[in-house]
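Observations on the three-dimensional arrangement
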Amino acid sequence: ELQKQSHHHILSEERGRVSGSSGFTWVIDPIDGTTNFSRRHVPFAVSIALMDGDEPLVGVIHNPVSDERFFAEAGGGAFHNNKAIRVADNDIPLHSIVFFNYGSKHEDRQRLLRVVDQLIYEFDLRIWGTTAWELCAVAKGTADAFVCVGDKLWDFAAGMCIIKEAGGQFTDWQGEPWNASHSYVLAANPNIQPLLIERLRMFQQL
């Protein structure tokens, strides 16, 4: 349908890159949380973003089980089922829910283990097994941050747009704007982000 309705490139987990004639790219994860889906666990979600280079222009994340949809357009705010959402304003570490995730490579898992060992005494750590839905929780304000290394662009492209439009910060572990040269991701409410960067910065340098 996207090929019929537009001339943009398409990047998806299952098919890789499909060339288009415009300068924009649809980034699609048909099922984010594939293991959850295959084992009949929820949540899992469909994630679609439109990007201009490293900048997300549109993000849509849909949970087909609960029929919930998060969406955002650059400059237009973020929404959950048509209700505007904002990130939390919490700044107390022990009251902060931090989701984390990791890629399939051994070194990504090892690095995340070191990060968990650093953060577990200060923050309430969780994992749902679906990056897209965890980012939605941060955007909605029911969680405070998301930390990962090793995820692919299709895992978080739509969530990046939604987080930014909900007033959150989307950076690497150094606090620099995210770019496609690496997979270090920190999405957080602005009040808790500085402390997380302080704790995470050295791990990106290792």
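Look a little higher up for the structure.
Everything numeric here is computed off the predicted structure, so don't read it as measured data. (Residues numbered from 1 in each chain as written. Predicted model: local features only at pLDDT ≥ 70, side-chain atom pairs only at ≥ 80, totals over all residues. Heavy atoms only, no water.)

1. Things to note about the overall build of the chain
As a reminder, the rule being used: Going along the chain from the N terminus, every DSSP run of H or I of four or more residues is numbered as a helix, and every run of E of two or more is numbered as a strand. Each radius of gyration is computed over the set of C-alpha atoms, and the globule rule expresses the reference value as 2.2 Å times the number of residues to the power 0.38. Accessibility here uses a 1.4 Å probe with only protein chains present; expressed as a share of the type maximum, an area under 20% marks a residue as buried, one over 50% as exposed, and anything in between as partly exposed. Every residue pair with non-hydrogen atoms within 4.5 Å of one another is taken to be in contact. Exposure was quantified through the Shrake-Rupley algorithm and a 1.4 Å probe, taking into account, for residues, occlusion by the shown protein chains and nothing else. When charges are counted, Lys and Arg are positive and Asp and Glu negative, with His and the chain ends excluded. Charge placement uses NZ in Lys and CZ in Arg. For Asp and Glu, CG and CD serve respectively.
The helix and strand inventory of the chain stands at six helices and 13 strands. In summary, the chain has a C-alpha radius of gyration of 16 Å against a globular reference of 17 Å for 206 residues, a match within 12%. Expressed as lengths along the three principal axes of its C-alpha atoms, the size of the chain is roughly 50 × 35 × 35 Å. Looking at the chain as a whole, 51% of its 206 residues qualify as buried. Contacts spanning at least 24 positions in sequence make up 58% of the contacts within the chain whose residues lie at least 6 apart. Total accessible area on the chain is roughly 10,300 Å²; 50% of this is exposed by carbon and sulfur atoms. The distance from the centre of the 18 positive side-chain charges to the centre of the 26 negative ones in the chain is 4 Å.

2. Side note on helix H4 (residues 131-140)
The element H4 is largely enclosed, with a buried count of nine among its 10 residues. Within the sequence span of H4, burial applies to Thr131, Ala132, Trp133, Glu134, Leu135, Cys136, Ala137, Val138 and Ala139. One or two positions beyond H4, positive phi appears at Gly141, with a value near 90°.

3. Description of the packing of H4 against helix H5 (residues 153-165)
Keep this limit in mind: Interaxial angle, 0 to 180 degrees, is taken between N-to-C directions of lines fitted to C-alpha atoms, where a helix line uses only the stretch in contact. Small angles under 35 degrees read as roughly parallel and large ones over 145 as roughly antiparallel, with 65 to 115 read as roughly perpendicular and the rest as oblique. All residues other than Ala, Val, Leu, Ile, Met, Phe, Trp, Tyr, Cys, Pro, Asp, Glu, Lys and Arg, Gly among them, are scored as polar; the first ten of these are nonpolar and the last four charged.
Packing of H4 against H5 leaves a shortest axis separation of 8 Å and a crossing angle of 10°. Here H4 lies roughly parallel to H5, going by the angle between them. Between H4 and H5, the residues in contact are Thr131, Ala132, Leu135, Val138 and Ala139 and Asp155, Phe156, Gly159, Ile162 and Ile163, respectively. When grouped by side-chain class, the residues that make up the contact of H4 with H5 number seven nonpolar, two polar and one charged.

4. As for the sheet that holds strand S9 (residues 97-102)
Note the threshold: Only strands that DSSP links by at least two bridges are regarded as paired with each other.
Across the sheet, five strands lie side by side as S10-S9-S11-S13-S12; this open sheet has mixed pairing. Whereas interior strands pair on both sides, the edge strands pair on one side only; in this sheet they are strand S10 (124-126) and strand S12 (169-171). Going from strand to strand, the sheet's axes swing by 15° on average, the running direction of each strand aside. When S9 meets strand S11 (residues 145-149), the two strands line up parallel, connected through five bridges. Bridging from a neighbouring strand, Phe99 pairs with Phe146 of S11. On top of the sheet, helix H3 (residues 106-119) reaches S9, S10, S11 and strand S13 (184-188); it is set at about 165° to S9, its chief contact.

5. With respect to the pairing of strand S5 (residues 55-63)
Alignment of strand S4 (residues 45-52) against S5, held across seven bridges, turns out to be antiparallel. For Val46, the partnering residue across the bridge sits in S5 and is His62. Between the antiparallel neighbours S4 and S5 lie two residues, among them Gly53 with a positive phi of about 65°. Pairing geometry for S5 and strand S6 (residues 68-73), over six bridges, is antiparallel. Bridge pairing links His62 to Arg69 in S6. Taking the residues that link successive antiparallel strands as the turn, the S5-S6 hairpin has four residues, and the phi of Asp67 there is positive, at about 60°.

6. Focus: the packing of aromatic side chains
To keep things clear, this is the line we draw: Each aromatic pair joins two rings of Phe, Tyr and Trp (for Trp, the six-membered one) with centres within 6.5 Å, and gets the label stacked for planes under 30 degrees apart, edge-to-face for over 60, and tilted for any other angle.
This model, assessed by the stated rule, comprises seven aromatic pairs. Residues Phe71 and Phe79 carry aromatic rings whose centres are separated by 5.4 Å and whose planes lie at 20° to one another, so their mutual orientation is stacked. According to the relative accessible area criterion, Phe71 is partly exposed, its value standing at 26%. Classification of Phe79 as partly exposed rests on a relative accessible area of 24%. Centre to centre, the rings of Phe156 and Phe170 are 5.9 Å apart; their planes meet at 35°, and the pair counts as tilted. Taken as a pair, Phe156 in helix H5 and Phe170 in strand S12 lie far apart in primary sequence, 14 residues in all. Taken together, Phe156, Phe170 and Trp178 form an aromatic cluster joined through their ring pairs.

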